[in-house]
Amino acid sequence: MTTHCWGVDPGFASSPTGVALVRFDGLAPHLVGAWTIRPRGRDWQARIDDVLGQLLALISPRVPVLAPRGPVLLSYELSYIGKNAQSALHLAQLGGGVRGVALALGLRVVAVQPSESKLALAGRGGATKEQMIAKARQVFGVRLTEHEADACAHALAGEAKLRRQAVERKAT
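Residues numbered from 1 in each chain as written. Predicted model: local features only at pLDDT ≥ 70, side-chain atom pairs only at ≥ 80, totals over all residues. Heavy atoms only, no water.

A. Quick look at the pairing of strand E3 (residues 28-37). Sheet topology places strand E2 (residues 17-25) next to E3; nine bridges connect them, and they run antiparallel. The residue of E3 that forms the bridge with Val19 is Trp35. Where E2 hands over to E3, the hairpin turn is made up of two residues, of which Gly26 adopts a positive phi near 70°. (Pairing = 2+ DSSP bridges. Helix = DSSP H or I, 4+ residues; strand = E, 2+ residues; numbered from the N terminus.)

If you want it as C-alpha coordinates, here you go:
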(Lines give C-alpha, C1' and ligand atoms only; values in the text may rest on other atoms or scores of the structure.)
Protein backbone atom coordinates (compact mmCIF):
# COMPACT_ATOMS: atom_id res chain seq x y z
CA MET A 1 0.00 0.00 0.00
CA THR A 2 1.15 3.53 -0.75
CA THR A 3 0.90 6.22 1.91
CA HIS A 4 1.83 9.87 1.49
CA CYS A 5 2.92 11.85 4.52
CA TRP A 6 3.48 15.57 4.72
CA GLY A 7 6.08 16.53 7.29
CA VAL A 8 6.03 20.06 8.68
CA ASP A 9 8.75 21.69 10.77
CA PRO A 10 7.04 24.87 12.05
CA GLY A 11 8.92 28.16 12.14
CA PHE A 12 7.68 31.73 12.00
CA ALA A 13 10.29 34.23 13.14
CA SER A 14 13.83 34.15 11.78
CA SER A 15 13.42 30.39 11.32
CA PRO A 16 11.56 29.23 8.21
CA THR A 17 9.05 26.39 8.07
CA GLY A 18 10.29 23.21 6.41
CA VAL A 19 7.81 21.08 4.48
CA ALA A 20 8.38 17.67 2.92
CA LEU A 21 6.18 15.18 1.12
CA VAL A 22 7.30 11.58 1.55
CA ARG A 23 5.72 8.63 -0.26
CA PHE A 24 5.88 5.26 1.47
CA ASP A 25 5.71 2.19 -0.75
CA GLY A 26 5.23 -0.30 2.06
CA LEU A 27 8.02 0.64 4.46
CA ALA A 28 10.28 2.28 1.86
CA PRO A 29 10.29 6.09 1.98
CA HIS A 30 10.73 8.19 -1.18
CA LEU A 31 11.00 11.97 -1.14
CA VAL A 32 8.44 13.52 -3.47
CA GLY A 33 9.42 17.10 -2.69
CA ALA A 34 10.75 19.48 -0.06
CA TRP A 35 9.98 23.16 0.39
CA THR A 36 10.96 26.06 2.62
CA ILE A 37 8.31 28.56 3.64
CA ARG A 38 9.74 31.92 4.66
CA PRO A 39 7.38 33.95 6.85
CA ARG A 40 6.48 37.48 5.80
CA GLY A 41 4.90 40.13 7.97
CA ARG A 42 5.74 42.68 10.58
CA ASP A 43 4.45 41.03 13.75
CA TRP A 44 4.26 37.41 14.88
CA GLN A 45 0.53 37.10 14.13
CA ALA A 46 1.00 38.27 10.55
CA ARG A 47 3.93 35.87 10.11
CA ILE A 48 1.94 32.92 11.46
CA ASP A 49 -1.00 33.79 9.18
CA ASP A 50 1.37 34.05 6.23
CA VAL A 51 3.00 30.68 6.94
CA LEU A 52 -0.40 29.01 7.23
CA GLY A 53 -1.57 30.62 3.98
CA GLN A 54 1.54 29.45 2.14
CA LEU A 55 1.18 25.96 3.62
CA LEU A 56 -2.45 25.75 2.52
CA ALA A 57 -1.53 26.92 -0.99
CA LEU A 58 1.20 24.28 -1.18
CA ILE A 59 -0.77 21.30 0.13
CA SER A 60 -4.37 21.85 -0.99
CA PRO A 61 -3.91 21.33 -4.76
CA ARG A 62 -1.95 18.12 -4.17
CA VAL A 63 -4.43 16.35 -1.85
CA PRO A 64 -6.98 15.40 -4.56
CA VAL A 65 -4.16 13.89 -6.63
CA LEU A 66 -2.69 11.90 -3.71
CA ALA A 67 -5.87 10.71 -1.96
CA PRO A 68 -6.94 8.13 -4.59
CA ARG A 69 -3.52 6.45 -4.26
CA GLY A 70 -3.84 5.69 -0.54
CA PRO A 71 -3.88 7.36 2.86
CA VAL A 72 -2.57 10.92 3.15
CA LEU A 73 -1.43 12.25 6.50
CA LEU A 74 0.40 15.22 7.96
CA SER A 75 2.92 15.00 10.76
CA TYR A 76 4.26 18.07 12.50
CA GLU A 77 6.66 18.78 15.32
CA LEU A 78 5.18 19.66 18.67
CA SER A 79 6.59 22.87 20.05
CA TYR A 80 8.82 22.74 23.06
CA ILE A 81 9.39 25.29 25.77
CA GLY A 82 12.96 26.45 25.64
CA LYS A 83 14.44 29.59 27.12
CA ASN A 84 11.83 31.90 25.59
CA ALA A 85 8.30 31.05 26.75
CA GLN A 86 6.77 33.69 24.45
CA SER A 87 8.33 32.07 21.38
CA ALA A 88 7.11 28.67 22.57
CA LEU A 89 3.55 30.01 22.80
CA HIS A 90 3.79 31.45 19.29
CA LEU A 91 5.12 28.14 17.93
CA ALA A 92 2.29 26.32 19.70
CA GLN A 93 -0.20 28.60 17.97
CA LEU A 94 1.45 27.89 14.63
CA GLY A 95 1.34 24.15 15.38
CA GLY A 96 -2.38 24.42 16.11
CA GLY A 97 -2.84 26.24 12.82
CA VAL A 98 -0.92 23.54 10.94
CA ARG A 99 -3.17 20.93 12.56
CA GLY A 100 -6.24 22.95 11.54
CA VAL A 101 -5.08 23.21 7.91
CA ALA A 102 -4.54 19.44 7.78
CA LEU A 103 -7.92 18.63 9.31
CA ALA A 104 -9.70 21.08 6.99
CA LEU A 105 -8.14 19.23 4.04
CA GLY A 106 -9.29 15.86 5.39
CA LEU A 107 -5.82 14.60 6.31
CA ARG A 108 -4.99 12.40 9.27
CA VAL A 109 -2.81 14.35 11.68
CA VAL A 110 0.02 13.19 13.91
CA ALA A 111 2.06 15.37 16.23
CA VAL A 112 5.57 14.15 17.03
CA GLN A 113 8.23 15.09 19.54
CA PRO A 114 11.61 16.25 18.19
CA SER A 115 13.28 13.17 19.71
CA GLU A 116 10.85 10.84 17.86
CA SER A 117 11.73 12.49 14.56
CA LYS A 118 15.45 12.36 15.22
CA LEU A 119 15.17 8.69 16.09
CA ALA A 120 13.13 7.95 12.94
CA LEU A 121 15.65 9.57 10.58
CA ALA A 122 19.04 9.39 12.27
CA GLY A 123 18.50 6.44 14.61
CA ARG A 124 19.31 8.57 17.65
CA GLY A 125 16.87 10.74 19.61
CA GLY A 126 19.60 13.25 20.40
CA ALA A 127 20.93 13.67 16.85
CA THR A 128 22.44 17.05 15.94
CA LYS A 129 21.26 19.24 13.05
CA GLU A 130 24.35 18.24 11.08
CA GLN A 131 23.61 14.53 11.63
CA MET A 132 19.99 15.04 10.56
CA ILE A 133 21.01 16.82 7.35
CA ALA A 134 23.61 14.16 6.54
CA LYS A 135 21.20 11.29 7.19
CA ALA A 136 18.47 12.93 5.08
CA ARG A 137 20.94 13.21 2.21
CA GLN A 138 21.92 9.56 2.65
CA VAL A 139 18.29 8.33 2.79
CA PHE A 140 16.78 10.54 0.08
CA GLY A 141 19.80 11.28 -2.12
CA VAL A 142 19.37 15.05 -2.19
CA ARG A 143 20.76 17.99 -0.26
CA LEU A 144 18.15 19.54 2.04
CA THR A 145 18.13 22.52 4.36
CA GLU A 146 17.99 21.79 8.08
CA HIS A 147 14.27 22.60 8.16
CA GLU A 148 13.51 20.42 5.13
CA ALA A 149 15.52 17.56 6.69
CA ASP A 150 13.55 17.98 9.91
CA ALA A 151 10.29 17.95 7.94
CA CYS A 152 11.36 14.66 6.33
CA ALA A 153 12.09 13.28 9.79
CA HIS A 154 8.64 14.37 11.01
CA ALA A 155 7.05 12.55 8.06
CA LEU A 156 9.02 9.38 8.88
CA ALA A 157 8.13 9.58 12.58
CA GLY A 158 4.46 10.33 11.90
CA GLU A 159 4.04 7.44 9.49
CA ALA A 160 5.78 5.08 11.92
CA LYS A 161 3.59 6.29 14.78
CA LEU A 162 0.38 5.64 12.81
CA ARG A 163 1.63 2.21 11.74
CA ARG A 164 2.46 1.38 15.37
CA GLN A 165 -0.99 2.52 16.52
CA ALA A 166 -2.64 0.32 13.88
CA VAL A 167 -0.68 -2.71 15.09
CA GLU A 168 -1.62 -1.96 18.69
CA ARG A 169 -5.31 -1.66 17.75
CA LYS A 170 -5.22 -5.03 15.99
CA ALA A 171 -3.55 -6.61 19.03
CA THR A 172 -6.35 -5.54 21.39
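B. Molecular detail of the sheet that holds strand E4 (residues 72-77). Overall, mixed pairing links the five strands, which are arranged E3-E2-E1-E4-E5 in an open sheet. A strand with exactly one partner marks an edge of an open sheet, and here the two such strands are E3 and strand E5 (108-112). Direction aside, neighbouring strands of the sheet carry axes that sit 20° apart on average. With eight bridges connecting them, strand E1 (residues 2-9) and E2 associate as antiparallel partners. Counted as the bridge partner of Cys5 is Val22 from E2. Across the sheet, helix H1 (residues 44-59) lies against E1, E2, E3 and E4, angled at about 140° from E3, the strand it touches most. Strands E1, E2, E4 and E5 of the sheet are contacted by helix H3 (residues 85-104), whose axis makes an angle of about 180° with E4. (Axes fitted to C-alpha atoms, helices over the stretch in contact; angles between N-to-C directions. Contact = heavy atoms within 4.5 Å.)

C. Representation of the environment of Leu91 within the structure. Considering the arrangement of structural elements, one finds Leu91 in helix H3. The sequence separation of Leu91 and Arg143 amounts to 52 residues, and the corresponding C-alpha distance is 26 Å.

D. Broad picture of the state of the cysteines. Taken as a whole and judged by the stated rule, the model has zero disulfides. Not engaged in a disulfide, the cysteine Cys5 finds its nearest cysteine sulfur in Cys152; these two sulfurs lie 10 Å apart. On the basis of relative accessible area, Cys152 is assigned to the buried category, the value being 0%. (Disulfide = S-S within 2.5 Å. Buried < 20%, exposed > 50% of the residue type's maximum accessible area, 1.4 Å probe, protein only.)

E. Region of the structure containing the nonpolar core. Trp6, Leu55, Ile59, Leu74, Tyr76, Val98 and Leu107 are the most contacted members of the largest nonpolar core, which has 23 residues in total. When residues of this core are traced back to their parent elements, those giving at least two are E1, E2, H1, helix H2 (63-66), E4, H3 and E5. Among the elements that make up this core, the one with the highest residue count is H1 (six residues). Residues contacting Leu107, with those up to four places away along its chain left out, are Trp6, Ile59, Val63, Val72, Leu73, Leu74 and Ala102. Counting residues in each nonpolar core, the second largest holds 21 residues, with Leu144, Ala151, Ala153 and Leu156 among its members. (Core = buried A, V, L, I, M, F, W, Y, C linked by side-chain atoms within 4.5 Å.)

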